[in-house]
Amino acid sequence: MPAFKRRLNAGLRRRTDEGNLVSPTRCRIAILGFGTVGSAVARRLTGPHVPLGLELTHIFDRRAHEKSEALAASRITWTTSIDEVLASDADVVVETVGGVEPAADWIRAALAAGKSVVTANKQVVARRGAALLTLAERQGRQLRFEAAVGGAMPIVRAVGEGLAGDRITRIVAILNGTTNAVLSRMEATGCSLDDAVVDARARGWAEADPRVDLDGVDAAAKLSILCALAFGLRVDPDAIPTRTAASVTPADFDHARRAGGTIRQIAHAEYDRTASTLTVWVAPTVVARGSIFSRTAGPQNAAIISGAHCGEITIAGAGAGGDATAVAILSDIVAIARDRAAIVPAPVLTSHFRLQTSDFVLAEAV
Ligand SMILES: NC(=O)c1ccc[n+]([C@@H]2O[C@H](COP(=O)([O-])OP(=O)(O)OC[C@H]3O[C@@H](n4cnc5c(N)ncnc54)[C@H](OP(=O)(O)O)[C@@H]3O)[C@@H](O)[C@H]2O)c1
């Protein structure tokens, strides 16, 4: 083989072995919460093909000492002390604890301690995101949250960065994998909602109590984040009208089938800038047979984003699960390792806006 070819091949091999074209800056990482998502991130960071320079140094968990045997890697400090993480030389703190407090407080403290933060926590981002982003900017650090919406489906980047050159007018999406798994199971088998929940739980797609998912609370938090990114609006997730999917019956599916569709939990946000009106809701909705939403089954997510200039952009993929969510977190860490500049928070809406509940439930095909 000629010398120039050998050199080229060696260069290519080096890059693919290392997983990515990441700048070789050393980036030390601390994980808060060694549960479904945190442990998946830890496994990726201690497994093969770790992007160059990324190094897991700390794992904080309330049961750190019980869990430390779950990871073969040595040279990781397991701790039950958040102060130990804050005082450490970690560059990036990954928050995978969940809940609003104390997670938001720990993110604040990590930013104040000069660390960048990656979080999977939609409740924190939806409720405390603006203040935390302002703090991150003031500190010259990043706060990234791709994993908070859509699991591995990179909708945060798509809306916040990829389509920043357009004027987004509408987002219609399936944003909750658990509810989608339940409804698509009911559609496929004709079973009751309770049986579909039992099945989703057995497959690890639903919590013991999936009400937050079925009632639309989880999707509303995600939709609130998308409203900030897409429209520059700060929308209280509790103000988003929701209708529960917990009361959907097999008879509703028969009705939807006769109407030419099926039922999915849809999150809908549409902003009329001229009228300063935001129409936003989460509800079980009849979607047309053959549409991207009717074809979204199991814990998948999907979204159609409409822009004034680009038309409709469709995105779909794994919406939940440790491994899928870890992809989004790793991507955020890689972005920080490549460029540690701060990101700018969404401005607060100064003109008034109105939340509007349209007659959406089981009435209208999307
Ligand atoms: N699971 C998914 O598919 C998914 C997808 C996207 C985003 N997310 C988000 O990711 C975050 C984590 O979700 P998860 O499913 O990984 O939750 P999880 O399995 O319950 O993991 C949370 C971990 O944090 C630990 N923890 C909880 N409270 C703590 C405290 N006060 N101090 C120290 N450790 C504490 C838990 O310890 P114990 O073991 O003792 O409970 C557990 O190890 C949430 O914000 C969730 O919304 C999850």
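Residues numbered from 1 in each chain as written. Predicted model: local features only at pLDDT ≥ 70, side-chain atom pairs only at ≥ 80, totals over all residues.

Some details on the site of the ligand
- Taken together, the neighbourhood of the ligand is formed by 20 residues, with Gly-33, Gly-35, Arg-62, Gly-98 and Ala-120 sitting nearest.
- Here the element with the most residues in the shell around the ligand is helix H2 (residues 36-46); it accounts for three residues.
- When its residues are assigned to classes, the shell around the ligand shows six nonpolar, 10 polar and four charged. (Near = placed C-beta within 6 Å. Helix = DSSP H or I, 4+ residues; strand = E, 2+ residues; numbered from the N terminus. Nonpolar A, V, L, I, M, F, W, Y, C, P; charged D, E, K, R; others polar.)

Some remarks on the pairing of strand S9 (residues 277-288)
- Taken across its 12 residues, S9 has nine buried, putting it largely inside the fold.
- Pairing analysis gives 12 bridges linking strand S8 (residues 261-272) to S9, with the strands arranged antiparallel. Of the residues in S9, the one forming a bridge with Ile-266 is Ala-283.
- Hairpin connection between S8 and S9: a loop of four residues separates the two successive antiparallel strands, and Ser-276 in this loop has a positive phi of roughly 55 degrees. (Buried ≥ 20, exposed ≤ 12 C-beta atoms within 10 Å, placed from the backbone. Pairing = 2+ DSSP bridges.)

Considerations on the packing of helix H7 (residues 155-162) against helix H11 (residues 217-231)
- For the pair H7 and H11, the least separation of the axes is 8 Å and the interaxial angle reads 25 degrees. By the criterion of interaxial angle, the relationship of H7 to H11 is roughly parallel. In this structure, the crossing between H7 and H11 has a hand that is left-handed. From H7, Val-156, Val-159 and Gly-160 reach across to H11, where they touch Leu-226, Leu-229 and Ala-230.
- For the contact of H7 with H11, a count of residues per class yields five nonpolar, one polar and no charged. (Axes fitted to C-alpha atoms, helices over the stretch in contact; angles between N-to-C directions. Parallel < 35°, antiparallel > 145°, perpendicular 65-115°, else oblique. Left-handed = near helix turned anticlockwise from the far one by under 90°. Contact = placed C-beta atoms within 7 Å.)

Concerning the packing of helix H5 (residues 103-112) against helix H6 (residues 122-139)
- Where H5 meets H6, the closest approach of the two axes is 10 Å, and the angle between their N-to-C directions is 10 degrees. Our classification of the angle between H5 and H6 gives roughly parallel. On H6, the residues touching Ala-103, Ala-104, Ile-107, Arg-108, Leu-111 and Ala-112 of H5 are Val-124, Arg-128, Leu-132, Leu-135, Ala-136 and Gln-139.
- Residues of the contact of H5 with H6, tallied by class, amount to nine nonpolar, one polar and two charged.

Examining the sheet that holds strand S3 (residues 77-79)
- Judged by pairing direction, the sheet is parallel, and its six strands sit side by side in the order S3-S2-S1-S4-S5-S6 without closing on themselves. Strands with a single pairing partner mark the edges of an open sheet, and in this sheet they are S3 and strand S6 (143-144).
- Two strands pair when backbone bridges link them, and strand S1 (residues 27-32) and strand S2 (residues 54-60) are joined in this way by six bridges, in the parallel orientation. Note on S2: the bridge partner recorded for Ile-31 is Ile-59.
- Packed on one face of the sheet, helix H13 (residues 322-338) meets S1, S2, strand S4 (92-95), strand S5 (116-119) and S6 and runs near 160 degrees to S5.

Here we look at helix H8 (residues 177-189)
- Under the 1.5 Å per step criterion, the end-to-end length of H8 is 18 Å for 13 residues, consistent within 8% with the ideal 18 Å.
- Burial analysis of H8 places 10 of its 13 residues in the buried class, the great majority of the element.
- What H8 keeps buried is the set Gly-177, Thr-178, Thr-179, Asn-180, Ala-181, Val-182, Leu-183, Ser-184, Arg-185 and Met-186.
- Buried residues belonging to H8 abut strand S7 (168-174), helix H9 (193-202), helix H10 (211-214), helix H12 (250-258), S8 and strand S10 (300-307).
- Once H8 ends, the next one or two residues include Gly-190, with phi positive near 75 degrees. (Expected span 1.5 Å × (residues − 1).)

Describing the nonpolar core
- Counting residues in each nonpolar core, the largest one holds 107 residues, and the members touching the most others are Ile-29, Leu-223, Cys-227 and Ile-333.
- Element by element, the count of residues in this core is highest for H11, at 11 residues.
- Each of domain 1 (3-148) and domain 2 (155-320) contributes no fewer than three residues to this core. (Core = buried A, V, L, I, M, F, W, Y, C linked by C-beta atoms within 7 Å. Domains from an automatic or database assignment.)

Things to note about unusual backbone geometry
- Along the chain, Glu-101 connects to Pro-102 via a cis peptide bond; the corresponding omega equals 10 degrees.
- Backbone geometry places His-49, a non-glycine residue, at a positive phi of 60 degrees.
- Relative to the helices and strands, His-49 resides in the loop between H2 and S2.
- Owing to 10 C-beta atoms within 10 Å, His-49 belongs among the exposed residues under this scheme.
- Non-glycine residue Ser-276 carries a positive phi angle of around 55 degrees.

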